[in-house]
Amino acid sequence: MISIVIPLYNEEENIQELCRRLIDVLDSMRESYEVLFVDDGSTDGSYARLLEIKKNNENIKIVKFRRNFGQTAAIHAGFDYAQGEIIATLDADLQNDPQDIPDMAKKLNDLDLDVVCGWRYQRQDKFHKKILSRFANGLRRKLTGESIHDSGCTLRVYRKESVRDLDLYGEMHRYIPALLTWRGFKVGEHRVVHHERYRGQTKYNWRRLTRGFFDLVVVAFWQRYSFRPVHIFGILGGILAAAGGAIVTYLVGEKLIFGAQLADRPLFISSILMAIMGVQFITTGILADIMVKIYYGQNGRKNYLVERVV
């Protein structure tokens, strides 16, 4: 069975057309399926529209959040509630084309992959979004070593076992392929059609971009140093200690040779304090991330709250 997971937030105007296109594609595949809508705390009529559509199709399921928890939490919930061996995710704004799902599912099986990622090679978005996306993808490839072209495309097809027990929070849904690559799963990509937004307003803004950047830093750290954090801390500590030792040696030499004073160098003292504080902030952030993983992982807590499942 194939499960289609669709996170949505205030997409009332697109739901009807999305369901029509999606059901046509799934019926043509001649496989059993379920369509799982995750309503991420919509404040418009999205939930009511979903209930109307469900009356005519028993394959549709709805997971309704109590409030808005974000796209990553919605995808996480979709993974948790999906029952198919194959899981496909796509956006509700009709920029992803359901017609690509059969080819991606076929590629998943033919090439024995664990996930096939959509690549919007002819992206239909505003110019600034294309530039920001190109920069973000380049930075991601540099930091994670993962080679897919488009981490921002929600249209992906997964094997169920690849996303089982996956820790997702923040804006981590962008970096699922990098996380799966690190775990040893086989990741491929497929060129997909990309449309202009059908109706409604985009939810993309600078806040999501900023949060996504810091999540990328965490993913890169986790890939490289999760089993050896002393390496990065040792390198930083060694650099700081060497720099501090060199400066102290120079100042002591000045005092011994030229009689210079050591106590009248406020800029030096300030710079040392700033360096120490910077390292402390970075360390605190990484330790906090590890604590979050333990909090959600060991105790079985989720990063979302479900109001009801229909």
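In case you missed it, the structure is sitting above this.
Residues numbered from 1 in each chain as written. Predicted model: local features only at pLDDT ≥ 70, side-chain atom pairs only at ≥ 80, totals over all residues. Heavy atoms only, no water.

**Observations regarding the environment of Ile-6**
Line of reasoning, step 1. Secondary-structure assignment places Ile-6 in strand 1 (residues 2–8).
Line of reasoning, step 2. Overall, the relative accessible area of 0% leaves Ile-6 in the buried class.
Line of reasoning, step 3. When the C-alpha atoms of Ile-6 and Thr-89 are compared, they prove to be 5.9 Å apart, with 83 residues separating the residues in sequence.
Line of reasoning, step 4. When residues no more than four places from it in sequence are discounted, the contact partners of Ile-6 are Leu-18, Leu-22, Val-35, Leu-36, Phe-37, Val-38, Leu-90, Asp-91 and Ala-92. (Helix = DSSP H or I, 4+ residues; strand = E, 2+ residues; numbered from the N terminus. Buried < 20%, exposed > 50% of the residue type's maximum accessible area, 1.4 Å probe, protein only. Contact = heavy atoms within 4.5 Å.)

**Topic: the packing of helix 1 (residues 12–29) against helix 2 (residues 46–54)**
Line of reasoning, step 1. Where helix 1 contacts helix 2, the axes come no closer than 8 Å and their chain directions differ by 25°. On the basis of the axis angle, helix 1 is roughly parallel to helix 2. Helix-helix and strand crossings are classified by hand; for helix 1 and helix 2 the assignment is right-handed. On the side of helix 1, the interface is formed by Glu-12, Ile-15, Gln-16 and Cys-19, while helix 2 contributes Ser-46, Arg-49, Leu-50 and Ile-53. (Axes fitted to C-alpha atoms, helices over the stretch in contact; angles between N-to-C directions. Parallel < 35°, antiparallel > 145°, perpendicular 65-115°, else oblique. Left-handed = near helix turned anticlockwise from the far one by under 90°.)

**A closer look at the sheet that holds strand 3 (residues 60–65)**
Line of reasoning, step 1. Reading across the sheet, the eight strands line up as 7-5-6-4-1-2-3-8 and stay open at both edges, with mixed pairing between neighbours. The open sheet terminates on both sides in strands that have one partner only, identified here as strand 7 (187–191) and strand 8 (306–309). If you compare each strand with its neighbour and ignore which way they point, the axes differ by 20° on average.
Line of reasoning, step 2. Sheet contacts for helix 1: strand 1, strand 2 (33–39) and strand 3; angle to strand 2, the most-contacted strand, approximately 155°.
Line of reasoning, step 3. The strands that helix 7 (residues 176–183) touches are strand 5 (115–119), strand 6 (156–159) and strand 7; relative to strand 6, the one it contacts most, it runs at about 30°. (Pairing = 2+ DSSP bridges.)

**Notes on the packing of helix 1 against helix 4 (residues 101–110)**
Geometrically, a packed helix pair is captured by the angle between its two axes and the distance between the axes.
Line of reasoning, step 1. Between helix 1 and helix 4, the least distance of the axes is 10 Å, while the angle of their chain directions is 40°. Regarding the angle of helix 1 to helix 4, the classification is oblique. Touching Leu-22, Val-25 and Met-29 of helix 1 are Ile-101, Pro-102 and Ala-105, all from helix 4.
Line of reasoning, step 2. Looking at the contact of helix 1 with helix 4 residue by residue, the classes come out as six nonpolar, no polar and no charged. (Nonpolar A, V, L, I, M, F, W, Y, C, P; charged D, E, K, R; others polar.)

**Let's talk about the packing of aromatic side chains**
Line of reasoning, step 1. As enumerated under the stated definition, the model contains three aromatic pairs in all.
Line of reasoning, step 2. Both rings, one in Phe-79 and one in Tyr-158, keep their centres 5.3 Å apart while their planes meet at 80°; by these two values the pair is edge-to-face. Remark: Tyr-158 occurs in strand 6 and Phe-79 occurs in helix 3 (residues 71–81); sequence separation between them is 79 residues. The same class applies to Phe-79 and to Tyr-158, which are both buried. (Phe/Tyr/Trp six-rings, centres within 6.5 Å; stacked < 30°, edge-to-face > 60°.)

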